[in-house]
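# Notes for the structure review
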Amino acid sequence: MSDRAEWQPLRSELQRWSKAGRKAKLWFRDDDAIEPTPALDRLLSLSDRFEVPMTLAIIPGPTGQALAERLTHANRITATVHGWTHRNYAPDDTKKQELGLHRPQEVVLDELHRGFDKLKALYPQQFVPLLVPPWNRIDDALLPHLAPFGYRAVSVFGLAKQAPIGLINTHIDIMRWHGVRGGLSHAEIIGRLVEELQNRFDGNDEPIGVMTHHLVHDALAWSFIETLFEETAGHAAIEWRPVGNFVH
């Protein structure tokens, strides 16, 4: 357990859950996997050490057999589709997006169909029919067309809204993307996590998703993940679940 004061708000909130005899549902999503790397090995070792299931959002276009072989015996890991090549097609003055209507819709959908089939073949035991749009953005017009390819849900960022397909979203991003890149302070992330827990305590039963990007983690980001697992894995008020539990 960490003895740092910034973790006390989380401990206090989890104590409230414990006293009420309740468990919060959390899930873990890491984006941009393509191939085996030392950073991925580090992430997988944390999953094994703390017995926390993880979802890897894998970029189908450039990935291949090497990553599939690395994950063969990673029993706590599930594989999901992360766009096609994670390439931005939006104009320079707008937010980045691969899955928009900047190209013909049939082209975008064909890539998503191919991505589904490729990862399902590479990961017959670990594949979950979930689409994770790059940059957590997808045009609403594409959503009704995903189910015929086999997709059962989409994962973006923020509280889930009404949609023509299931939404299994993330809510906590541990990275700072603007200015000097790196992990956010522990206190800042914990504050957001406590807010999400309080929201769930008051009645929202949506699972809380924690999002990471192993390829760009600095020491602060890695230390947050390790301390989070130390504080929560096995806790009476926390249940880390594989994302497949939520995809129907």
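- Naming follows an unreviewed UniProt entry, where the protein appears as Polysaccharide deacetylase of Rhizobium miluonense.

## Points about the overall build of the protein
- A tally of helices and strands in the protein yields six helices and 11 strands.
- For 248 residues, the compact-globule estimate of 2.2 N^0.38 gives 18 Å, and the protein sits close to it at 18 Å.
- Evaluated residue by residue, the protein yields a buried proportion of 52% over its 248 residues.
- Charged side chains of the protein number 27 positive and 32 negative; the gap between the two group centres comes to 2 Å.

## Quick notes on unusual backbone geometry
- Here Asp 32, not a glycine, exhibits a phi torsion of approximately 80 degrees, which is positive.
- Along the chain, Asp 32 falls in strand β1 (residues 24–33).
- The phi torsion at Asn 136 lies on the positive side, around 60 degrees, for a residue other than glycine.
- Tracing the backbone shows Asn 136 in the loop between β4 (127–131) and β5 (153–154).
- Residue Asn 136 is classed as buried on the basis of its relative accessible area, which comes to 18%.

## Considerations on the packing of aromatic side chains
- Considering all chains together, one arrives at eight aromatic pairs under this definition.
- Taking NZ or CZ as reference, Arg 114 lies 4.6 Å from the ring centre of Trp 84, over its face.

## Some remarks on the nonpolar core
- The biggest cluster of nonpolar side chains holds 65 residues, and the ones touching the most others in it are Tyr 123, Leu 146 and Phe 229.
- Not counting residues up to four positions away in its chain, the partners in contact with Phe 229 are Phe 28, Leu 46, Phe 50, Val 52, Met 54 and Trp 240.

## Some details on the packing of helix α1 (residues 8–19) against helix α6 (residues 219–232)
- Contact geometry for α1 and α6: axes closest at 11 Å, N-to-C directions at 30 degrees. If you check the angle between α1 and α6, you find them roughly parallel. Handedness of the α1/α6 crossing: right-handed. Of α6, the residues touching α1 (which contributes Leu 10, Arg 11 and Leu 14) are Leu 228, Glu 231 and Thr 232.
- A breakdown of the residues in the contact of α1 with α6 according to their chemical character gives three nonpolar, one polar and two charged.

## A short note on the pattern of salt bridges
- Going through the model one piece at a time under the given rule, you end up with 14 salt bridges.
- Glu 231 is the partner of Arg 11 in a salt bridge, and the nearest nitrogen-oxygen pair spans 3.0 Å. Residue Arg 11 is located in helix α1, and its partner Glu 231 is located in helix α6; the two are separated by 220 residues in the primary sequence.
- As a salt-bridge pair, Arg 49 and Glu 230 come within 3.8 Å of each other at their nearest N and O atoms.

## A look at the pairing of strand β2 (residues 54–58)
- The element β2 is largely enclosed, with a buried count of five among its five residues.
- In β2, alternate side chains face the same way, and those of Met 54, Leu 56 and Ile 58 on one face and Thr 55 and Ala 57 on the other are all buried.
- In this structure, β1 lies alongside β2, joined through four bridges in parallel fashion. Across the sheet, residue Ala 33 finds its bridge partner in β2, namely Ile 58.

## Observations concerning the packing of helix α2 (residues 38–50) against α6
- In contact at an axis separation of 10 Å, α2 and α6 are set at 10 degrees when each is read in the N-to-C sense. By the angle class used here, α2 and α6 are roughly parallel. Residues Ala 39, Arg 42, Leu 43, Leu 46, Arg 49 and Phe 50 of α2 form the contact with α6, whose participating residues are Trp 222, Ile 225, Glu 226, Phe 229 and Glu 230.
- Here the contact of α2 with α6 is composed, by residue class, of seven nonpolar, no polar and four charged.

What counts as what
Here the residue numbers are simple positions, counted from 1 along each chain's written sequence. With pLDDT at 70 or above as the cut-off, local features in this predicted model cover only qualifying residues; side-chain atom pairs require 80 or more to be listed or tallied, and sums for whole chains, interfaces and linings still use all residues. Here the side-chain values reflect all heavy atoms present in the structure, with hydrogen atoms and water set aside. Only DSSP runs of H or I with at least four residues qualify as helices, and only runs of E with at least two residues qualify as strands; both kinds are numbered from the N terminus onward. For this measure, only C-alpha atoms enter the radius of gyration; the expected value for a globule follows 2.2 Å times N^0.38, where N is the number of residues. Burial classes: relative accessible area under 20% of the type maximum marks a residue as buried, over 50% as exposed, and values in between as partly exposed (1.4 Å probe, protein chains only). Positive: Lys, Arg. Negative: Asp, Glu. His and the chain ends are not part of the count. Where a charge lies is defined by one atom per residue type: Lys uses NZ, Arg uses CZ, Asp uses CG and Glu uses CD. Think of it this way: a Phe, Tyr or Trp ring, Trp meaning its six-membered ring, pairs with another when their centres are within 6.5 Å, and the plane angle makes it stacked under 30 degrees, edge-to-face over 60, tilted otherwise. For a ring to carry a charge above it, either NZ of a lysine or CZ of an arginine must fall within 6 Å of the ring centroid while also lying within 35 degrees of the normal to the ring plane. Among buried residues, those of type Ala, Val, Leu, Ile, Met, Phe, Trp, Tyr and Cys that are joined through side-chain atoms within 4.5 Å constitute a nonpolar core. Contacts are assigned to residue pairs with any non-hydrogen atoms lying within 4.5 Å of each other. The axes used here are C-alpha line fits, helices contributing only the stretch in contact, and every angle between their N-to-C directions lies in the interval 0 to 180 degrees. Here roughly perpendicular refers to angles of 65 to 115 degrees, roughly parallel to angles under 35, roughly antiparallel to angles over 145, and oblique to all remaining angles. Two helices crossing with the near one rotated counterclockwise from the far one by less than a right angle form a left-handed crossing, whereas a clockwise rotation gives a right-handed crossing. Three classes are used, and their members are as follows: Ala, Val, Leu, Ile, Met, Phe, Trp, Tyr, Cys and Pro are nonpolar, Asp, Glu, Lys and Arg are charged, and the others, Gly among them, are polar. The salt bridge definition used is simple: a Lys or Arg side-chain nitrogen within 4 Å of an Asp or Glu carboxyl oxygen. Think of it this way: DSSP has to see at least two bridges between two strands before they count as a pair.

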